Amino acid sequence: MRTIGLMSGTSLDGVDAAWVETDGEAIGRLGPVLTLPYAPALRRDLRTLLDRAAEIGPEDPFLAHCVARLTERHVEAVRAIGWPADLIGFHGQTILHRPQRPGSNAAGFTWQVGDAARLARETGMTVAHDFRAADVAAGGQGAPLVPVVHAVMAARLPKPLAILNLGGVANVTWIGADGRLIAFDTGPANGPLDDWARLATGEAYDRDGRLALAGQADGGVLAPLMAHPWLAAPPPKSLDRLDFDRALKDSGAAALSPADGAATLVAFCAICVAAAARHFPEPPVQWLVAGGGRRNPALMRALGAALAEPVRAVEVAGWNGDALEAQAFGVLAARVWRGLPLTFPGTTGAPGSMPGGRLVGPLL
Ligand SMILES: Nc1ncnc2c1ncn2[C@@H]1O[C@H](COP(=O)(O)OP(=O)(O)OP(=O)(O)O)[C@@H](O)[C@H]1O
Ligand SMILES: CC(=O)N[C@H]1[C@@H]2OC[C@@H](O2)[C@@H](O)[C@@H]1O[C@H](C)C(=O)O
């Protein structure tokens, strides 16, 4: 199928779009990729929506405003790709993620917003969406979803292999020599760093890690964070963009200088990744890093120091680290279309191999 994958990630920076020819099990031709950034006003509104998501209902007018603007930007992204496609993979924007926690009986909940019917109407294409809900309803974490696509892409690479995505939140996929998949969120990555940089400098993020590279990580702030139960908890596990906000506030990080605060958040991200590696059955031969965080030299340097194995941007494997998630949602859309599983016990803790997603549009 000719697919267009669309991802609006936890960094709230814009829509990533990618054209992919795929049957969901293998990737054929890779077409154009692009990012359409959100205007500052939409970015601010989405950040407010995240903060308010736990209190608002589905009919909230501010939610409707955000969904309309978000969907319009996705329509623009499909048009900007400009290649014909049969199917769109539309992740939408996660505004709240509360999967079932181990030991809790409370039902899990995950909320991705975006108007799939409108996207289908305005592009004339069929849209796969709502990728996470079925997994969460079955007791899975609903995230990460991309690992099955990592496995497809890494088919010919030496194993064991670790693929790390440094988005707002970081997630890792470990692939064993026999193809076994273990995947989970490692901890916060650019999310808190972006919030910090915005307060300190007014910029959307710490470009090229300038602030962090000028500072020193603070051991006193890191100590309580390193004892956070998240790090030792075995997978499966997944995070909401704001899950560490409380712990970060309580750590005293706010009292640090802008540069030391950024350096401390960078160090904490690397510490979380090193803690994640302790949950792998065997060390990987290398770490391939995707997501915007691989452009942050402070983060890459901290990872290099914290991990025993080589750490490289995914471009060494010929992949595009900015487009990987969007490409993955193209592949996942084809899997939804074919009823193939999206999630597995090793990736989300699903009770078995789980299909998921819903379809809307003209092919139906
Ligand atoms: N040159 C750069 N220097 C430092 N950081 C950068 C640079 N370029 C991108 N980033 C970081 O990458 C972030 C965007 O990353 P990405 O697009 O992978 O996140 P996302 O897909 O929104 O998140 P997630 O994967 O959690 O859903 C920016 O918010 C910024 O923090
Ligand atoms: C609930 C949610 O949207 N989670 C995102 C987020 O961003 C990174 C990490 O946390 C990952 O678990 C997931 O996204 C990717 C695309 C995934 O599901 O694989």
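As the structure is a prediction and not an experimental result, all values here were calculated from the model.

## What to know about the UniProt feature "binding site: ATP" (unreviewed entry) in the protein
Next, step 1: The UniProt record annotates "binding site: ATP" (unreviewed entry) at G9, T10, S11, L12, D13, G14, V15 and D16.
Next, step 2: Looking at the secondary structure, you find G9 in the loop between strand 1 (2-8) and strand 2 (14-22).
Next, step 3: Judged by the 23 C-beta atoms lying within 10 Å of it, G9 is buried.
Next, step 4: Once you skip the residues sitting within four places of it in the chain, G9 turns out to touch G167, G168 and E325.
Next, step 5: Examined against the element boundaries, L12 turns out to sit in the loop between strand 1 and strand 2.
Next, step 6: L12 sits in the buried class, given 21 other C-beta atoms within 10 Å.
Next, step 7: Not counting chain neighbours up to four residues away, the residues in contact with L12 comprise Y38, R43, L46 and R47.

## Notes on the site of ligand 2
Next, step 1: Near ligand 2 lie 18 residues; those nearest to it are T94, A143, P144, V146 and V169.
Next, step 2: Those elements that provide at least two residues to the shell around ligand 2 are strand 4 (87-98) and strand 8 (169-175).
Next, step 3: Within the shell around ligand 2, the residues separate by chemical class into six nonpolar, 10 polar and two charged.
Next, step 4: Here the shell around ligand 2 spans two domains, and each of domain 1 (2-146 + 321-360) and domain 2 (158-317) adds at least three residues to it.

## Points about the site of ligand 1
Next, step 1: Around ligand 1, a shell composed of 22 residues is seen, among which G9, S11, G167, N190 and G292 lie nearest.
Next, step 2: The element that contributes the greatest number of residues to the shell around ligand 1 is helix 6 (residues 190-201), accounting for three residues.
Next, step 3: In the shell around ligand 1, the residues fall into three nonpolar, 12 polar and seven charged.
Next, step 4: Each of domain 1 (2-146 + 321-360) and domain 2 (158-317) gives at least three residues to the shell around ligand 1.

## Re the packing of helix 2 (residues 61-81) against helix 3 (residues 116-123)
Next, step 1: Between helix 2 and helix 3, the least distance of the axes is 10 Å, while the angle of their chain directions is 35°. Like other packed secondary-structure pairs, helix 2 and helix 3 cross with a definite hand, here right-handed. Together, T71, H74, V75 and V78 of helix 2 and R118, L119, E122 and T123 of helix 3 make up the contact between the two elements.
Next, step 2: Residues that form the contact of helix 2 with helix 3 fall into these classes: three nonpolar, three polar and two charged.

So, how was this worked out
- Residues numbered from 1 in each chain as written.
- Chains lettered and ligands numbered in written order.
- Predicted model: local features only at pLDDT ≥ 70, side-chain atom pairs only at ≥ 80, totals over all residues.
- UniProt positions renumbered as here; feature names shortened; annotations may be inferred.
- Helix = DSSP H or I, 4+ residues; strand = E, 2+ residues; numbered from the N terminus.
- Buried ≥ 20, exposed ≤ 12 C-beta atoms within 10 Å, placed from the backbone.
- Contact = placed C-beta atoms within 7 Å.
- Near = placed C-beta within 6 Å.
- Nonpolar A, V, L, I, M, F, W, Y, C, P; charged D, E, K, R; others polar.
- Domains from an automatic or database assignment.
- Axes fitted to C-alpha atoms, helices over the stretch in contact; angles between N-to-C directions.
- Left-handed = near helix turned anticlockwise from the far one by under 90°.

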